[in-house]
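Inside the fold
Each chain is listed here by its residues.
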Protein chains: 2
Amino acid sequence: MTIDPPGLAEETASRLRNAIIGGALPPGQRLSETRLAADLGVSRNTLREVFRLLTREGLLRHEPNRGVFVAVPSMASIVDIYRVRRLIEVPALAHAWPRHAAVARMQAAVDAARAARQAQDWRSVGSANMEFHAAIVALTDSARLQAFFAQVVAELRLAFGLLDSPERLHEPYIDRNGEILDLLAAGQQARAAEVLAAYLDNSERVVLEAFARLG
Amino acid sequence: MTIDPPGLAEETASRLRNAIIGGALPPGQRLSETRLAADLGVSRNTLREVFRLLTREGLLRHEPNRGVFVAVPSMASIVDIYRVRRLIEVPALAHAWPRHAAVARMQAAVDAARAARQAQDWRSVGSANMEFHAAIVALTDSARLQAFFAQVVAELRLAFGLLDSPERLHEPYIDRNGEILDLLAAGQQARAAEVLAAYLDNSERVVLEAFARLG
DNA sequence: TGATATAAATTGTTGAACAAAAATATTGTA
DNA sequence: TACAATATTTTTGTTCAACAATTTATATCA
């Protein structure tokens, strides 16, 4: 059906990544090589290559001679992730060129989030919000920064999957993203960066609180 | 002799990484799976896992159905790498705590660089300088940032390997690093960050010029 | 019950196999 | 000779089967 070359391992990694982020495989879950290879319809060797990819992305944890497990997000990892986000996103926005191509991506993401809100589809709201922030990083035109950020976002979404009440987690930020976009489009980068910084502080606090409630 | 578990693939990756950065395998070189596997004394399967690791690090380039090649650094990649370095290193230094444990690492790196200069060992000077900057990133206490930076540094060293006159490339920065360290230790983070920013601008220009001379 | 020995399952790694694609050599022809 | 078409060889992409080393589960005994 679908063309797999080049990269059956990459394609499988993508499927497994979605399964993890989508919550089909809960954090801490142990992944048996033989069983999962059979389920995914690939060989053990190929699956091991997939494991390496996702381990490097922070989605899996590998314990020698014991196997691989779906990573369990910790408070420390969340704090670290938000530190990285602040460091990358805020300067990206502050130095942005308001007519950069990525601005259209930001706009599309805001529109998508609002549409998903209409449909009460909070998971899609979360995806759209993350796409908004990926677009912010794209303002830098740095391939390496974008790849790194994508990885960090995948980890963060893993943590989001653990938390309940996705509405409280995503809804408040849709219009804030719209506000940031408007400020950028109006050439007020500095102001936009300020709003983003406050956004990130707030979001981190909410996530950490929800996490603490999980015990 | 050496214990390989856990991770013969990782150990092999490390060896191959050194071979690439050390210049034993020139950029653009094609790496035959069977031949290299025999040379390294590992199986083809294991070597392919190694290839994935180093490809993700940017040290190898993979062309489907054609094989893997040692990456060829470009001007664009150098510009991108320096952008990333500025974005990460300068704020790391600006917000640093002068009594952080990583300051000792910075001091050790400066000492090592000076010792290597005495011995006219410019390759070691380069290594020590890079270790200095890795220590700067360690000031952030962010595991993700440190891992990302290590990757970027590996790529940069690949580019350095292409250039001749390593003295001109590394010597001028030894004492600048010392100056940055002294400023930080004296609690003048802002001043240290300024010097670092100028350092990076200057270094980028030198590298790009040397690159241009290569044609 | 609790510690210990035995058995079963799992990981880490290798080697061989084979289809598909690419690189190379060979041939046929103007 | 030069050039295109064809056949041959070499590589990559992927799977499967095997086996030692290690971990986990099970059974045994004081």
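So, here's what we can say about the structure. Keep in mind that this is a model prediction, so the values were computed, not measured. (Residues numbered from 1 in each chain as written. Chains lettered and ligands numbered in written order. Predicted model: local features only at pLDDT ≥ 70, side-chain atom pairs only at ≥ 80, totals over all residues. Heavy atoms only, no water.)

1. A closer look at the interface of chain A and chain B
Counting residues at the interface gives 28 residues for chain A, matched by 28 residues for chain B. Contact with chain B buries area across many residues of chain A, yet Arg52(A), Arg56(A) and Arg144(A) alone supply 29% of it, more than any other trio. At the junction of chain A and chain B, the tally comes to 12 salt bridges. Between Glu49(A) and Arg52(B) there is a salt bridge, and its shortest N-O distance comes to 2.8 Å. Counting only elements with at least two residues in the side of chain A that touches chain B, the list comes to α1 (8-21), α3 (44-56), α4 (75-94) and α7 (143-162) of chain A. Per element, the largest residue contribution to the side of chain A that touches chain B is 8 residues, and it comes from α4(A). Grouping the amino acids of the side of chain A that touches chain B by side-chain chemistry returns 12 nonpolar, 5 polar and 11 charged. (Contact = heavy atoms within 4.5 Å. Buried area = accessible area lost by both parts, 1.4 Å probe. Salt bridge = Lys/Arg side-chain N within 4 Å of Asp/Glu carboxyl O. Helix = DSSP H or I, 4+ residues; strand = E, 2+ residues; numbered from the N terminus. Nonpolar A, V, L, I, M, F, W, Y, C, P; charged D, E, K, R; others polar.)

2. Here we look at the protein's contact with DNA strand C
In the region of DNA strand C, 20 residues are neighbours, and Arg44(A), Arg48(A), Asn45(B), Thr46(B) and Arg66(B) sit closest. At 3.1 Å from a phosphate oxygen of DNA strand C is found a main-chain nitrogen or oxygen belonging to Asn65(A). At 3.1 Å, a backbone N or O of Leu8(B) approaches a phosphate oxygen of DNA strand C. Breaking the surface near DNA strand C down by element, the ones donating at least two residues are β1 (30-31) and α3 of chain A together with α3 (44-56) of chain B. Of the residues that constitute the surface near DNA strand C, the class distribution is 4 nonpolar, 9 polar and 7 charged. (Near = heavy atom within 4 Å. Polar contact = N/O pair within 3.5 Å; in protein donor to acceptor, adjacent residues only side chain to side chain.)

3. Looking at the pattern of salt bridges
Any two side chains of opposite charge can pair if their charged atoms end up close together. Taken as a whole and judged by the stated rule, the model has 38 salt bridges over all chains. The salt bridge involving Arg144(B) is made with Asp80(A); its shortest N-O contact spans 2.7 Å. Taken together, the residues Arg144(B) in helix α7 (residues 143-162) and Asp80(A) in helix α4 connect one chain to another. The exposure class assigned to Asp80(A) is buried, which follows from its relative accessible area of 6%. (Buried < 20%, exposed > 50% of the residue type's maximum accessible area, 1.4 Å probe, protein only.)

Don't take any of this as a statement about function, it's just geometry.
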